[in-house]
Amino acid sequence: MAAQRRRNQQKKGRKETPRQRQSRIRKYTRNGLVCLVVLFVVFLGFRLVNPDIFKGKYKELTGAQIDATEPEIDVQLLTVNPYSRPGTETDKITGIVVHYTANPGATAMNNRDYFESLKDTHENQVSSNFVIGLEGEIVQCVPTWEVAYASNSRNIDTVSIECCHPDETGEFNEATYRSLVQLCAWLCLKFGLDETDVIRHYDVTGKNCPKYFVENEDAWNTFREDIRLALKNAE
């Protein structure tokens, strides 16, 4: 053992020649390349087995807290068609977009039925996941895991909510507002979001929608704060 230690010490004290240094570098480089190739093969294997594994796939959270927060929803899904419910799957939901209907006095079902009529008229491509009516009723038109034609470039990763309003100001009445806060809070819990992930159509395209919240920034900030409080109360 003592002789072996002396040989090791002598070896450590020996100065490395240029040739030895080059050989060592080549060895390390070769080993590094082998590791990279192995990792690349493993990566390709994952992609072949599950092409969507590295994408943000749609996912819903579950639990008693979420169930307790869910508002009453009248599910009236549209017929799958290219003009209002294309049947396209969404990516991971990263936001909730608030809209106003821009047709004062119309009910939630009026708007839902208009979306449905587009499969026959072909006059437009528009819809929403939810519509909230003047009495606070919530009508679901498109599943949250499917694209609705509402928020332009954000259709693929957001849930859209159209809100009815009584007059040209676009301001929501108390019943509509209360349901909107409750629906947004529930969706935030369902998708792991918070009030900062609730945005306006305006924030996507610059469109004056929802009109009252665009023209009254303080009202928009208060609305977001109400969602925050609803989420806190749900804890």
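Above this text you will find the structure in question.
In what follows, the accompanying structure is described.

Criteria and thresholds
- Residues numbered from 1 in each chain as written.
- Predicted model: local features only at pLDDT ≥ 70, side-chain atom pairs only at ≥ 80, totals over all residues.
- Heavy atoms only, no water.
- Buried < 20%, exposed > 50% of the residue type's maximum accessible area, 1.4 Å probe, protein only.
- Helix = DSSP H or I, 4+ residues; strand = E, 2+ residues; numbered from the N terminus.
- Pairing = 2+ DSSP bridges.
- Patch = residues over 30% accessible without salt bridge, like charges linked within 9 Å, V, L, I, M, F, W, Y side chains within 5 Å.
- Areas by Shrake-Rupley, 256 points an atom, 1.4 Å probe, with all protein chains shown as cover.
- Salt bridge = Lys/Arg side-chain N within 4 Å of Asp/Glu carboxyl O.
- Lys, Arg positive; Asp, Glu negative; His and termini not counted.
- Charge placed at Lys NZ, Arg CZ, Asp CG, Glu CD.
- Core = buried A, V, L, I, M, F, W, Y, C linked by side-chain atoms within 4.5 Å.
- Contact = heavy atoms within 4.5 Å.
- Axes fitted to C-alpha atoms, helices over the stretch in contact; angles between N-to-C directions.

**What to know about the pairing of strand 5 (residues 158-163)**
Working step 1: In terms of burial, strand 5 is largely enclosed, as six of its six residues are buried.
Working step 2: The alternating pattern of strand 5 places Thr158, Ser160 and Glu162 and Val159, Ile161 and Cys163 on opposite faces, both of which are buried.
Working step 3: Pairing of strand 2 (residues 95-100) with strand 5, which is carried by six bridges, proceeds in the parallel orientation. Bridging across to strand 5, Gly95 finds its partner in Thr158.
Working step 4: Note: strand 3 (residues 130-132) against strand 5, three bridges, orientation parallel. Paired with Phe130 across the two strands is Ile161, which belongs to strand 5.

**As for a positive patch on the surface**
Working step 1: A cluster of like positive charges, contributed by Arg19, Arg26, Lys27 and Arg30, occupies part of the molecular surface.
Working step 2: The topology assignment puts Arg19 in helix 2 (residues 18-49).
Working step 3: On the basis of relative accessibility, which here comes to 72%, the residue Arg19 falls in the exposed class.

**Observations regarding the nonpolar core**
Working step 1: Judged by nonpolar contacts, the single largest core of 33 residues is most densely connected at Ile161, Leu180, Leu183, Cys184, Leu187, Val198 and Phe223.
Working step 2: Only strand 2, strand 3, strand 5, helix 5 (174-191) and helix 8 (217-233) provide two or more residues apiece to this core.
Working step 3: Discounting chain neighbours no more than four positions away, the residues touching Leu180 are Val98, Ile132, Ile161, Cys163, Phe172, Phe213 and Phe223.
Working step 4: Formed by nine residues, the second largest nonpolar core is a distinct cluster that contains Ala108, Val139, Ala148 and Cys164.

**With respect to the pairing of strand 2**
Working step 1: Of all six residues making up strand 2, six are buried, and the element is well covered by its neighbours.
Working step 2: Summarising the sheet, strand 2 and strand 6 (residues 198-200) pair through three bridges and their orientation is parallel. Residue pairing across strands places Val98 opposite Arg200, the latter belonging to strand 6.

**Quick word on the sheet that holds strand 6**
Working step 1: In spatial order, the strands read 1-4-3-5-2-6; together these six strands make up an open sheet with mixed pairing. The open sheet has two edge strands, strand 1 (74-75) and strand 6, and neither has a second partner.
Working step 2: Against the sheet, helix 4 (residues 108-121) makes contact with strand 3, strand 4 (138-140) and strand 5, and its axis sits at roughly 150° relative to strand 3, the strand it touches most.
Working step 3: Strand contacts of helix 5: strand 2, strand 3, strand 4, strand 5 and strand 6, with the helix running at about 175° to strand 5, the strand carrying the most contacts.

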